[in-house]
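The residues making up each chain are set out below.
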Amino acid sequence: MVNKELRKLRDSMDLITELRTKQKEINGLRSLMSECPDDKDMLEMANEDLGRALEEEKRLQNLLLKSLLPRDDADERDCILEVRAGTGGEEASLFAMDVFKMYERYSQKKDWKFEVVNIAESDLKGYKEASAAISGVGVYGKLKFETGIHRVQRVPVTEKSGRIHTSAVSVAILPQADEVDVQLRNEELRIDTYRSGGSGGQHANTTNSAVRVTHLPTCITVSIQDERSQHMNKAKALKVLSAKLYEIERSRIQTSRSKLRSEQIGSGDRSERIRTYNFPQGRVTDHRVGITYHAINDVLQGENLDVFVDALLLQQEMDAIATFSSAQ
């Protein structure tokens, strides 16, 4: 943590040095132009150099400002992805599967590790809920604005008359917690084991390999039945539980501390409708940044999800700069 802060400080100092050098160059060019008002060739060359130097000064100022902005320490962490079917019955479960697989494909394209933690299937083999651990450089910082309600408009496979239905799934992106962040005490945990199989798990099993962990102080429950091994299911459940408890603590600190959380982007609330996937029109619209992309299949294949991810990160940056500047 200390090394990271020192590195950030060193980067800012390097930018300040570079900016001062550039400003000396600008002052020198202006002096030269005032000393040689009649030398047209000299003035023309100096003017061109001055224009380039002023552009570079502006670029360095923006970089310096960004380096001084408060950062979320969790941005560099791995994350837990949770997708849950909402309103819409079986159609919502089928779309939850589509969304889960979208993030899996996107992770593969980014060379991130995507490890399925748990999948609870519906009768039509959709996902009532599914979770995964995603690991890689800056994963949480990249995906954090995916949290919220993703709405789909399409004709369900169960629909005989061809009517378009609207369904929804909720997505949660949680930063993974270290042991330092969350200390799970045995006396605060209740661990139950049961048989996995059926629509709840991927493997029929005759042993009690499925695990349900309840955190007694908060009543948060995590059930995992994806692995054949009880030990592995317990380890996955504890990882997810730690992420949930870490996020609760982070939210508490952020609420009591500052307003830098950008309201324009959204609250990060799981109940906030953030995106609509309209199949008849072949479009995906993000309601926070007002961007519509007319290639829905590309997005669901994980190909062009960056259209929204990058726009949201840019909006966050702009909001942070505006807040930072107004506070000065």
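In case you missed it, the structure is sitting above this.
Residues numbered from 1 in each chain as written. Predicted model: local features only at pLDDT ≥ 70, side-chain atom pairs only at ≥ 80, totals over all residues. Heavy atoms only, no water.

## Concerning the pattern of salt bridges
We count it as follows: Take a side-chain nitrogen of Lys or Arg and a carboxyl oxygen of Asp or Glu: if they are within 4 Å of each other, that pair is a salt bridge. By definition, any uninterrupted DSSP run of H or I lasting at least four residues is a helix, any uninterrupted run of E lasting at least two residues is a strand, and each is numbered from the N terminus. Only protein chains enter the accessibility calculation, which uses a 1.4 Å probe; a residue whose area is less than 20% of its type maximum is buried, one above 50% is exposed, and one in between is partly exposed.
Enumeration over the complete set of coordinates arrives at 20 salt bridges. Between Asp75 and Lys144 there is a salt bridge, and its shortest N-O distance comes to 2.9 Å. Taken together, the positions of Asp75 in the loop between helix 2 (40-68) and strand 1 (79-85) and Lys144 in the loop between helix 4 (139-143) and strand 4 (148-154) put the pair 69 residues apart, joining distant regions of the chain. Per residue, the accessibility class of Asp75 equals that of Lys144, and both read buried. Taken together, the shared-partner salt bridges in this structure form one network comprising Glu82, Arg84, Glu129 and Lys244.

## Quick look at the sheet that holds strand 8 (residues 220-224)
Rules: Strand pairing requires that DSSP identify at least two bridges connecting the strands. Only the stretch in contact is used when a helix axis is fitted, and all axes are lines through C-alpha atoms; the angle between N-to-C directions ranges over 0 to 180 degrees.
The antiparallel open sheet is built from three strands, whose spatial order is 6-7-8. Two strands close off the open sheet at either side, each with one partner strand: strand 6 (189-194) and strand 8. Neighbouring strand axes in the sheet, compared pairwise and without regard to direction, differ in orientation by 15° on average. As paired strands, strand 7 (residues 210-215) and strand 8 are joined by five bridges and run antiparallel to one another. Looking across to strand 8, one finds that Val213 is bridged to Val222.

## Concerning unusual backbone geometry
Residues other than glycine seldom take positive phi values, yet Asp111 does so here, at roughly 60°. Tracing the backbone through its elements, the reader meets Asp111 in the loop between helix 3 (89-109) and strand 2 (113-121). A relative accessible area of 72% means that Asp111 is categorised as exposed. We note that Cys219 has phi near 65°; this positive angle belongs to a residue other than glycine.

## Considerations on the packing of aromatic side chains
To describe a pair of aromatic rings, one takes the distance between the centres and the angle between the planes. This is how the line gets drawn: Centres within 6.5 Å are what make two rings of Phe, Tyr or Trp a pair, Trp counting through its six-membered ring; a difference in plane orientation under 30 degrees is then read as stacked, over 60 as edge-to-face, and the rest as tilted. A ring has a charge above it when a Lys NZ or an Arg CZ is no more than 6 Å from the ring centre and no more than 35 degrees off the ring normal.
Counted according to the given criterion, the structure contains four aromatic pairs. Seen in terms of ring centroids, Phe100 and Phe114 are 5.4 Å apart; in terms of plane orientation they differ by 70°. Their pairing is edge-to-face. On the criterion of sequence distance, the pair formed by Phe100 in helix 3 and Phe114 in strand 2 is long-range, its members being 14 residues apart. Judged by its relative accessible area of 1%, Phe100 is buried. Given the relative accessible area of 15%, Phe114 is considered buried. Sitting over the ring of Phe279, Arg154 keeps its end group 4.9 Å from the ring centre.

## Re the sheet that holds strand 2
We count it as follows: A contact between two residues is defined here by any heavy atoms of the two lying within 4.5 Å.
Here eight strands make up an open sheet; going across it, the order is 2-3-1-5-4-9-10-11 and the pairing mixed. Bordering the open sheet on either side are strand 2 and strand 11 (291-293), each of which pairs with just one other strand. In this sheet, neighbouring strand axes are inclined to one another by 15° on average, regardless of whether the strands run parallel or antiparallel. Sitting on the sheet, helix 3 is in contact with strand 1, strand 2, strand 3 (127-135), strand 4, strand 5 (165-175) and strand 9 (273-278), with an inclination near 10° to strand 3.

## A short note on the side chain of Lys244
By secondary structure assignment, the location of Lys244 is in helix 5 (residues 230-257). Other than its neighbours up to four places away in sequence, Lys244 contacts Glu82, Arg84, Leu174, Ile220 and Val222.

## What to know about a nonpolar patch on the surface
As a reminder, the rule being used: Patch membership requires over 30% relative accessible area and the absence of a salt bridge. Like charges are linked within 9 Å, and nonpolar side chains (Val, Leu, Ile, Met, Phe, Trp, Tyr) within 5 Å. Every accessible area reported is derived by Shrake-Rupley at a probe size of 1.4 Å, with residue values counting cover from the shown protein chains alone.
Together, Leu6, Leu9 and Met13 make up an exposed nonpolar region whose accessible area comes to about 300 Å². Within the fold, Met13 resides in helix 1 (residues 2-35). A relative accessible area of 46% means that Met13 is categorised as partly exposed.

## Examining the nonpolar core
Basically, it comes down to this: The criterion is simple. A nonpolar core is a set of buried Ala, Val, Leu, Ile, Met, Phe, Trp, Tyr and Cys residues joined through side-chain atoms within 4.5 Å.
In this structure, Leu81, Phe100 and Tyr277 are the most contacted members of the largest nonpolar core, which totals 52 residues. In terms of residue count, helix 3 provides more of this core than any other element does, nine residues in total. Setting aside residues up to four positions removed in sequence, Leu81 forms contacts with Phe100, Tyr103, Phe114, Ala130, Ser131, Ala132, Ile134, Val171, Ala172 and Ile173. Core analysis: the next-biggest nonpolar cluster, separate from the first, contains six residues, Met33, Ala46, Leu50 and Ala53 among them.

## A closer look at a negative patch on the surface
Defined as follows: All tallies of charge rest on Lys and Arg as positive and Asp and Glu as negative; His and the ends of each chain are not included. Where a charge lies is defined by one atom per residue type: Lys uses NZ, Arg uses CZ, Asp uses CG and Glu uses CD.
Together, Asp38, Asp39, Asp41, Glu44 and Glu48 line one region of the surface with negative charge. By secondary structure assignment, the location of Asp38 is in the loop between helix 1 and helix 2. With relative accessibility at 75%, the residue Asp38 sits in the exposed group.

## Description of the environment of Gln183
In this fold, Gln183 is placed in the loop between strand 5 and strand 6. With relative accessibility at 57%, the residue Gln183 sits in the exposed group. Separated by 63 residues in sequence, Gln183 and Tyr246 have C-alpha atoms that sit 9.8 Å apart.

## Quick notes on the side chain of Glu146
Quick reminder of the rule: N or O atoms within 3.5 Å of each other form a polar contact, as long as, within protein, one can give a hydrogen and the other can take it, and as long as residues adjacent in sequence are counted only when both atoms are side-chain atoms.
Position of Glu146 relative to the elements: it lies in the loop between helix 4 and strand 4. Of the residues examined, Glu146 reaches a relative accessible area of 1% and is grouped as buried. A polar contact of 2.6 Å, which involves the side chain of Glu146, links it to the side chain of Tyr103. With residues near it in sequence (within four places) discarded, Glu146 still touches Tyr103, Val171, Ile173, Ile274, Arg275, Leu305, Val309 and Leu312.

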